[in-house]
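Structural overview
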Number of protein chains: 2
Amino acid sequence: MQDVARAAGVSPMTVSNVVNNRPHVREATRVKVLEAMDRLGYRVNIAARNLRAGRTQTIGLAVPEMDRPYFAELAARIVRHARAAGYRVVVEQTGALREEELDAIAWSRNSLYDGLILSTVALGPDDRDLLRVDFPVVILGERIFDAPVDHVAMPNTDGARAATAHLIGRGCRRIAMVTGPDLEGTNVASLRYAGYRDALRAAELPHDERLVVRLPRLDPASGAEAAARLARAEPGWDGVVAVTDTVALGVVRGVTDAGLRVPGDVRVVGFDNIEAGRFAVPSLTTVDPDNDWIAARAVGLLVGRIRGDATQGRPRDVVSPFGLIERESTGRGRGPAV
Amino acid sequence: MQDVARAAGVSPMTVSNVVNNRPHVREATRVKVLEAMDRLGYRVNIAARNLRAGRTQTIGLAVPEMDRPYFAELAARIVRHARAAGYRVVVEQTGALREEELDAIAWSRNSLYDGLILSTVALGPDDRDLLRVDFPVVILGERIFDAPVDHVAMPNTDGARAATAHLIGRGCRRIAMVTGPDLEGTNVASLRYAGYRDALRAAELPHDERLVVRLPRLDPASGAEAAARLARAEPGWDGVVAVTDTVALGVVRGVTDAGLRVPGDVRVVGFDNIEAGRFAVPSLTTVDPDNDWIAARAVGLLVGRIRGDATQGRPRDVVSPFGLIERESTGRGRGPAV
DNA sequence: GTGAAAGCGCTAACAC
DNA sequence: GTGTTAGCGCTTTCAC
């Protein structure tokens, strides 16, 4: 900038004014400066500007794995909403590791972002003290009760209850739940599992441990394996509630591999409403947690904290509305086109 | 840092030495400083460090849309390789807009990143002069010939040729190509289309314009529509080469909706080898462009430029090796499990 | 309408 | 082993 100023015969301050489109710069001066900038191939140094300004107009988004369709789609929505609010978004991957999720918070406070949206899967209530930071943070995903930060929660239990009830309404009586590893803590797997049990209880259906499959990883391969295991060991099963759509699509695959039909023999319902489920064969019935609502709300809360005082005001805890989207995977028994 | 220094009764320099784990700091001093840091809740200001250092140990990755599975999976791989090389990755979305792709370059030069991996879809040979920057950039995707930056290209034409030849080998004679809008420029759609035509020519099959569908957007919905249109207008078609797996999955859906079977009536082959294709029903035959090779190479080239001189050395132009992964969608006529 | 001075928080280079 | 000096590139403040 010094160089440009010298080349244009003005002060650095004037160059700064031109760069930032500030008024009160004479047209002739502006032109001179722009020419000099062009000639020297000048670019503002954002790092310096950030240092000076103390903010970056950038928000960080930390997700467990950005190649999981749910997070990829959510990230895209968050980018859209944040951009509308005048913020850039920077996406980072935590690998679903507790250490890295905490790291994301620590790093964010290092003045690179004005705030952080953290999609937790590995943090639990025990970590609530570590979230006691005076930096704008919004937690996405499960609720960590009493944590001093804003939360946007998914309707995990209610949604899973509705999904299970839907299967029961379709006539299923031996409904399996394919879920995550940890059913004790407060996490997506356990909360959705709770909804599943609620619905069974409400319908006075017995709970059968053998129908609960705990997957170490929530991916299609694991879902397919779960279906294979169920097909081998539980011949009478007629429905599956999968903890996520990604897992559900794997389950459908596994059911098919076992020589059974979806929904003819086994009905399958997922959770998340990812795009792939809409176009799968059969298309996937799913709980739609209103991801756009979630993205909008997360950005809204974070930007509010950034603009106001980070620590001021009690933490908000909101849950998105949900709907059940009925598609072929729980349909009237018509399987994939004969 | 000043505050910490004062609280610990040392100079800022010593604090800096402690923060950066530098040797030659007496243990007692180190402890004193760490205590002061803890007491004051001190965090390094990375913005300041970056300004001072002139580099950020961060590379930017600009993709058209991060919710397209291909890019999401590629981003995850790039993150992994970059981390192994000691760099953080920041992902941004360009929306597949020419302006935003150019913006990504412009922004990157603003000292936020040490280098940029740009996945282009909207830039063409005409933009080559705009890429003439003395900043480490690696272009991913189609080749922009003569551009003065490193390229990691996909085996677009060769892969599509192999995919088409595979269908021909399976007995298909009226093979449709479902591709992108622009078949004139140098882009994924046109290059893969060229491979399709090559294979038809080599097999002495006629080229039929009516079998070429140009989609405005490369998503499953468009793929499904394309299949519907083909089913309506071209009853004799027996194969589809889809420009991407995402489109191919939509095509499979559309074929099924039209009351036809995959692969019984129509065989479908995609391109990209995304995870969803492996678990789809039927599973998707696809061209595997070795995405891990691409990610590793892109990171490798970029880091090389960053560590060496950005402009030094002729631009490298590499093409990943590919393979054809044969799955059910082009199988022996056995459709989805009966 | 333009400029001079000062400082954001950090660290390389050198002095002690 | 620790401190001093200086400056990365920008912008806020206030003077002209």
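Every chain is numbered on its own, with residues counted from 1 as its sequence reads. Chain letters start at A and ligand numbers start at 1, both assigned in the order the entries are written. Confidence filtering applies because this is a predicted model: local features only for residues at pLDDT of at least 70, side-chain atom pairs given and counted only at 80 or more, and all residues used for totals across whole chains, interfaces and linings. Note: side-chain values were computed over all heavy atoms of the structure, leaving out hydrogens and water.

- Going by an unreviewed UniProt entry, chain A carries the name LacI family DNA-binding transcriptional regulator and comes from Streptomyces carpaticus.

1. Structural notes on the relation of the copies chain B and chain A
- With an RMSD of 0.1 Å, the operation that places chain B on chain A is a rotation of 180 degrees combined with a shift of 0.1 Å along the axis. The operation mapping one copy onto its partner corresponds to a two-fold rotation axis.
- Here 100% of the contact residues of chain B are again contact residues in chain A; the copies associate through an equivalent surface. When the copies are superposed, the least-squares fit takes in the C-alpha atoms of residues with a pLDDT of at least 70 in both. Whether two residues are in contact is decided by their heavy atoms: any pair within 4.5 Å suffices.

2. A few points about the interface of chain B and chain A
- Counting from both sides, the interface comprises 47 residues of chain B and, opposite them, 48 residues of chain A.
- Each salt bridge in this description consists of a side-chain nitrogen of Lys or Arg and a carboxyl oxygen of Asp or Glu lying within 4 Å of one another. The tally of links between chain B and chain A comes to 6 salt bridges.
- Here B:Glu328 and A:Arg253 are joined by a salt bridge, their closest N and O atoms 2.5 Å apart.
- N or O atoms within 3.5 Å of each other form a polar contact, as long as, within protein, one can give a hydrogen and the other can take it, and as long as residues adjacent in sequence are counted only when both atoms are side-chain atoms. Seen at the junction of chain B and chain A, the total is 14 residue pairs in polar contact (both at pLDDT 80 or more).
- Numbering goes from the N terminus for both helices and strands, where a helix is a DSSP run of H or I of at least four residues and a strand is a run of E of at least two. Every element with two or more residues in the side of chain B that touches chain A is listed here: helix H4 (46-53), helix H5 (69-84), strand E2 (88-93), helix H6 (98-108), helix H9 (220-233), helix H10 (245-257) and helix H11 (275-279) of chain B.
- When residue character is reported, Ala, Val, Leu, Ile, Met, Phe, Trp, Tyr, Cys and Pro are called nonpolar, Asp, Glu, Lys and Arg charged, and the others, Gly included, polar. When its residues are assigned to classes, the side of chain B that touches chain A shows 28 nonpolar, 7 polar and 12 charged.

3. A word on the UniProt feature "domain: HTH lacI-type" (unreviewed entry) in chain A
- UniProt positions are given in the numbering used here, feature names are shortened, and annotations may be inferred rather than shown by experiment. Following the UniProt record, one finds the feature "domain: HTH lacI-type" (unreviewed entry) at residues 1-53 of chain A.
- Counting secondary structure, residues 1-53 of chain A comes out at 70% helix and 0% strand; the distance between its end C-alpha atoms is 17 Å.

4. What to know about H9(B)
- By this rule the span expected of a helix is its residue count minus one, scaled by 1.5 Å. In a regular helix each residue adds 1.5 Å, so 14 residues correspond to 20 Å; H9(B) covers 20 Å between its end C-alpha atoms and thus fits that length.
- Only protein chains enter the accessibility calculation, which uses a 1.4 Å probe. A residue is then buried if its area is under 20% of the maximum for its type, exposed if over 50%, and partly exposed in between. Among the residues of H9(B), those classed as buried are B:Pro220, B:Ser222, B:Gly223, B:Ala224, B:Ala226, B:Ala227 and B:Leu230.
- Lining the buried residues of H9(B) we find helix H11 (275-279) of chain A together with strand E6 (175-179), strand E7 (212-214) and H10 of chain B.

5. Overview of the packing of aromatic side chains
- In this scheme Phe, Tyr and Trp rings, the latter by its six-membered ring, pair at centre separations within 6.5 Å, and the angle between planes marks the pair as stacked below 30 degrees, edge-to-face above 60, and tilted otherwise. In the structure shown here, the tally under the stated rule is 4 aromatic pairs over all chains.
- Charge-over-ring placement is defined geometrically: NZ (Lys) or CZ (Arg) within 6 Å of the ring centre, and within 35 degrees of the ring normal. For B:Arg192, the ring lying beneath its charged end belongs to B:Phe271, and the centroid distance is 3.6 Å.

6. What to know about the protein's contact with DNA strand D
- Near DNA strand D you find 22 residues, and of these A:Met1, A:Met13, A:Tyr42, A:Arg49 and B:Thr29 are the closest.
- The cutoff for a nearby residue is simple: one of its non-hydrogen atoms must lie within 4 Å of the molecule or strand. In the interface set of DNA strand D, defined as its atoms within 4 Å of the protein, sugar plus phosphate atoms amount to 65%.
- Between DNA strand D and A:Met1, the relevant distance is 3.2 Å, taken from a phosphate oxygen to a main-chain nitrogen or oxygen of the residue.
- A distance of 2.7 Å is found between a phosphate oxygen of DNA strand D and a side-chain nitrogen or oxygen belonging to B:Thr14.

7. Structural notes on the packing of H5(B) against helix H12 (residues 291-307) of chain B
Residue and element names in this part refer to chain B.
- Axis geometry follows a simple rule: fit a line to the C-alpha atoms, using only the stretch in contact for helices, then measure angles between N-to-C directions, giving values from 0 to 180 degrees. Across the interface, H5 lies against H12 with an axial gap of 9 Å and an inter-helix angle of 50 degrees. Here H12 runs oblique to H5, going by the angle between their axes. Here the hand of the crossing between H5 and H12 comes out right-handed. Along the contact surface, H5 presents Tyr70, Leu74, Arg77, Ile78, Arg80, His81 and Ala82, while H12 presents Asn291, Asp292, Ile294, Ala295, Ala296 and Val299.
- For the contact of H5 with H12, the per-class residue count stands at 8 nonpolar, 2 polar and 3 charged. What sets the label is the angle itself: under 35 degrees gives roughly parallel, over 145 gives roughly antiparallel, 65 to 115 gives roughly perpendicular, and the rest give oblique. Put simply, a crossing is left-handed when the front helix is turned counterclockwise from the back one by less than a right angle, and right-handed when it is turned clockwise.

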